[in-house]
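# Notes for the structure review
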Amino acid sequence: MKKLNYFLVLLSAYSQLLFSQQKELRTFREIRDHYEKMTIDDGRAMPFVKAYIQKAKSENNIPKLIQGYRDGRQFDYHNKMSYADSALAVSIKQGTKDDISKDYLSKGIIYYFYQKNYKLALNQYMKAYDYSKGSKDKYQHYKVIYHLGIVKEHLGYYDEALEHFQDCAEFYDPSKHQTIHENLQFNYKKAYLNSLHQMTVINRYLKNLTKSDSLSQLGYQLTAGDQDFTLENSYFLKCIGISKFLKKDYTGAESDLEKALPNILKRNDFAWVSVIYYYLGKIAEAQKEEKDALRYYSEIDSIFVKEEFILPEVYRSYNYLIDYYKDKDLNNQLYYTNQLLKADSLITKDYPYLSGKLHKDYDRRTLIEQKDDIEKASRRKMRIAQVLILSSSLTLTFFIIRYGKDRKIKKQYDLLQKKISEGTYNVNDLINEEPEEYSLRKTFLTPEVTLEIAEKLDKFEKELQFTKKGITQNSIAGKLNTNAHYLSVYINENKRMNFNRYIAELRIKYITNLLNSNTKYLHYTIEALAEECGIAARQNFSNLFFDINGIRPVDYIKKRKKELRIS
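Treat the numbers as computed from the prediction; the structure is a model and nothing was measured.

### Details of the overall build of the protein
Scanning the protein from terminus to terminus reveals 27 helices and 0 strands. Expressed as a percentage of the 567 residues in the protein, the buried residues total 43%. The contacts of the protein with a sequence gap of at least 6 include a subset with a gap of at least 24, amounting to 61%. When the accessible surface of the protein is totalled, it reaches about 31,800 Å², and 52% of it is carbon and sulfur.

Shown next as structure tokens:
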């Protein structure tokens, strides 16, 4: 019996030793294979993640330790920021610039997705962007670009955000990365689908519904039946459902939205969940189903109460709730009025660009007046009088400011038209002036080189080559068969401006002359005018037009149409 006990003790010790050796022999790859493809926030991954971190610490393996903290940040829902801070601290102390960029970006994503704090998110994104400059890791660089686009989208700068997502979709396109490892292929496809989804949403916001529909159908087809991308499939299905609602296909819209909802709920993406509830509520309204409309809109309020977050898109759900309870339930009417005021304050803070548009649909001042009427009926007349006085003051102030602005616009328009009519509206060109003596010149272009560049630039201008997008000083120098330094010197000496200003003036003065001479261009959008003269961004075009002409393009077009009596 003693021999048996002795044998069992030896067997137990040997088994523990063998098991311990097997544990020590496990590689980082073997540990990570257990959880790498789990869904984000799946807590079942954490025992393996902690083992990964512990192994990295024991071996003092800094790159693996950073990866372990990042994995913890991805799967531990309740301790995300703690793991993010740990990863960033190690990266700053012992990691690379790429590591630091990734970990600043990750903190920004937590602020954005989980806390909806856009200001803090943007701060982290900008730090990530600074560290990604010049990096060879283009995947990370475009990931930062993508998230900057997300913030711009939520602040209402849709045109700028769309450019971000278009650039990202082109880079992440999986057809360009078929030779890389399957895990990287998965990451590229996921990033590509996310970019497509954002392009779908923004095109809908911009009323480009045909484009939005084609993108959502493309995304839905690319993810159909793919278990790795069920969430992305639900996002595209959600977009398809909203499109069907806008086309008054309420049955089809309701079916698609209800199918999309479970996966988005599971992901805890409460922002898009609230959008789905909003459109299900709108469908119920259209079908005269009051109870369903109340239920869905109440769900939006529940999300707002819990998360202290609301999207401008679902803001109007409170209008329905307030109107429904008016003269029926004073307490509910007052509650939803207060909720709408809170939502208004939040949106005004986080969505400065959009808040003005929302006020047109549901005026805040009127809302405050209604609240006071409910709480203090005896002071109703006084409140109305105060509002009328305030409104009158604001209206008078508005017209005074508008009058001054109109006078300034007219003055600039008349000055610009005078230059055009007198033929003095062109890019500054001093070629025909008497040349300075070589001894007085800052640089030494020979007369032959000067003449050669002058002739080629003249051809460049007459052939309107400056209207092509993406031209640079180096690319033009190459076409002119000279070098960039000579070209820069020539433009500085003879045009009295730098290269960028020279190209900007060519483009803006070209499009201004078209607006002045051909009425068809007066009907173009600002985006189309920018495209016509080679400027990529609408805002950039508008700013350059103002800088060079002293008037915004929209104001110039209005004045020109009025002068020509064109409607």
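More follows now that the structure is in view.
### Things to note about helix α26 (residues 538–549)
The terminal C-alpha atoms of α26, which comprises 12 residues, lie 16 Å apart, in line with the 16 Å expected from a rise of 1.5 Å per residue. Listed in full, the buried residues belonging to α26 are Phe541, Ser542, Phe545, Ile548 and Asn549. Along the axis of α26, the buried positions cluster into a sector of 140°, meaning they face one direction only. Looking at the residues trailing α26, positive phi occurs at Gly550, about 75°.

### What about the packing of aromatic side chains?
Tallied over the full model, the rule gives 32 aromatic pairs. For the ring pair Tyr172 and Tyr188, a centre distance of 5.9 Å and an interplane angle of 65° mean the geometry is edge-to-face. Residue Tyr172 is located in helix α9 (residues 158–172), and its partner Tyr188 is located in helix α10 (residues 182–205); the two are separated by 16 residues in the primary sequence. According to the relative accessible area criterion, Tyr172 is buried, its value standing at 1%. An aromatic cluster is built from Phe245, Tyr250, Tyr278, Tyr279, Tyr297, Phe304, Tyr318, Tyr320, Tyr324, Tyr325, Tyr335 and Tyr336, whose rings are joined through pairwise contacts. The ring of Trp272 has Lys238 sitting right over it, with the charged end atom 3.3 Å from the ring centre.

### Description of helix α12 (residues 230–246)
When the terminal C-alpha atoms of α12 are compared, their 25 Å separation across 17 residues agrees well with the 24 Å that a helix rising 1.5 Å per residue should span. For α12, a buried count of 14 out of 17 residues is recorded, marking the element as mostly surrounded by other parts of the structure. Lys248 occupies a position one or two residues after α12 and carries a positive phi of about 70°.

### Considerations on the pattern of salt bridges
Applying the stated criterion across every chain yields a total of 31 salt bridges. A salt bridge links Lys469 to Glu531, with the nearest nitrogen and oxygen atoms 2.7 Å apart. Placement of the pair is Lys469 in the loop between α21 (447–462) and α22 (473–479) and Glu531 in helix α25 (residues 526–533), with a sequence separation of 62 residues. Three or more residues are tied together by salt bridges with common partners; here these are Arg29, Arg32, Asp33, Glu36 and Asp71.

### Digging into unusual backbone geometry
For residues besides glycine, phi is generally negative; the peptide bonds are generally trans as well. At Asn60, a position not held by glycine, the phi torsion is positive, near 50°. Note that Asn60 resides in the loop between α3 (46–58) and α4 (62–75). A relative accessible area of 59% places Asn60 in the exposed class.

### Here we look at the nonpolar core
Soluble globular proteins tend to pack their nonpolar side chains together in the buried interior. Grouped together as the largest cluster of nonpolar side chains are 86 residues, with contacts concentrated most on Ile264, Ile310 and Tyr318. Ranked by residue count, the leading element in this core is helix α14 (residues 270–286), at 12 residues. Leave out the neighbours within four places in its chain, and Tyr318 touches Asp301, Phe304, Ile310, Tyr336, Gln339, Leu340 and Ala343. Counting residues in each nonpolar core, the second largest holds 44 residues, with Ile420, Leu445, Ile471 and Cys533 among its members.

### With respect to a negative patch on the surface
Side chains of Asp159, Glu163, Asp167 and Glu170 sit close together on the surface and give a patch of like negative charge. Note on Asp159: relative accessible area 31%, which makes it partly exposed.

### Looking at the environment of Ile264
Mapped onto the fold, Ile264 is located in helix α13 (residues 250–266). Take Ile264: its relative accessible area is 0%, and that puts it in the buried class. C-alpha of Ile264 to C-alpha of Thr230: the two residues are 34 residues apart in sequence and 9.7 Å apart in space.

### Regarding the packing of helix α24 (residues 499–517) against α25
Two numbers describe how α24 lies on α25: the axes approach to 9 Å, and their chain directions differ by 120°. The angle between the axes of α24 and α25 places the two elements in the oblique class. As α24 runs across α25, the sense of the crossing is right-handed. Contacts between α24 and α25 involve Arg507, Tyr510, Ile511, Leu514 and Leu515 on the former and, on the latter, Leu529, Glu532 and Cys533. By residue class, the composition of the contact of α24 with α25 is 6 nonpolar, no polar and 2 charged.

### Structural notes on the confidence of the model for the protein
Here the protein shows a mean pLDDT of 84. Residues at 70 or above account for 84%. The least confident element of the protein, judged by mean pLDDT, is helix α18 (residues 352–361) at 44; the most confident is α12 at 96. Contacts for the low-pLDDT stretch residues 353–363, under 50 throughout, to residues beyond four places or in other chains number 23 contacts.

### Considering the packing of α21 against α24
α24 packs onto α21 with a crossing angle of 35° between their chain directions and a minimal axis gap of 11 Å. Two secondary-structure elements touch here, α21 through Leu457, Phe460 and Glu461 and α24 through Tyr502, Ile503 and Leu506. When the residues that make up the contact of α21 with α24 are grouped by side-chain class, the tally is 5 nonpolar, no polar and 1 charged.

### Details of the environment of Lys152
Tracing the chain through its elements places Lys152 in helix α8 (residues 138–154). Considering only alpha carbons, one finds Lys152 and Tyr118, 34 residues apart in sequence, at a separation of 9.7 Å.

### Points about the side chain of Gln417
One can find Gln417 in helix α20 (residues 380–422). What Gln417 contacts, discounting residues up to four positions off in sequence, is Asn516, Tyr556, Arg560 and Glu563.

### As for the side chain of Gln465
Along the chain, Gln465 falls in the loop between α21 and α22. Given a relative accessible area of 18%, Gln465 falls into the buried group. At 2.7 Å, the side chain of Gln465 and the side chain of Glu463 are in polar contact.

Conventions adopted
- Residues numbered from 1 in each chain as written.
- Predicted model: local features only at pLDDT ≥ 70, side-chain atom pairs only at ≥ 80, totals over all residues.
- Heavy atoms only, no water.
- Helix = DSSP H or I, 4+ residues; strand = E, 2+ residues; numbered from the N terminus.
- Buried < 20%, exposed > 50% of the residue type's maximum accessible area, 1.4 Å probe, protein only.
- Contact = heavy atoms within 4.5 Å.
- Areas by Shrake-Rupley, 256 points an atom, 1.4 Å probe, with all protein chains shown as cover.
- Expected span 1.5 Å × (residues − 1).
- Arc of directions from axis to C-beta.
- Phe/Tyr/Trp six-rings, centres within 6.5 Å; stacked < 30°, edge-to-face > 60°.
- Lys NZ or Arg CZ within 6 Å of the ring centre and 35° of its normal.
- Salt bridge = Lys/Arg side-chain N within 4 Å of Asp/Glu carboxyl O.
- Core = buried A, V, L, I, M, F, W, Y, C linked by side-chain atoms within 4.5 Å.
- Patch = residues over 30% accessible without salt bridge, like charges linked within 9 Å, V, L, I, M, F, W, Y side chains within 5 Å.
- Lys, Arg positive; Asp, Glu negative; His and termini not counted.
- Charge placed at Lys NZ, Arg CZ, Asp CG, Glu CD.
- Axes fitted to C-alpha atoms, helices over the stretch in contact; angles between N-to-C directions.
- Parallel < 35°, antiparallel > 145°, perpendicular 65-115°, else oblique.
- Left-handed = near helix turned anticlockwise from the far one by under 90°.
- Nonpolar A, V, L, I, M, F, W, Y, C, P; charged D, E, K, R; others polar.
- pLDDT = per-residue confidence, 0-100.
- Polar contact = N/O pair within 3.5 Å; in protein donor to acceptor, adjacent residues only side chain to side chain.

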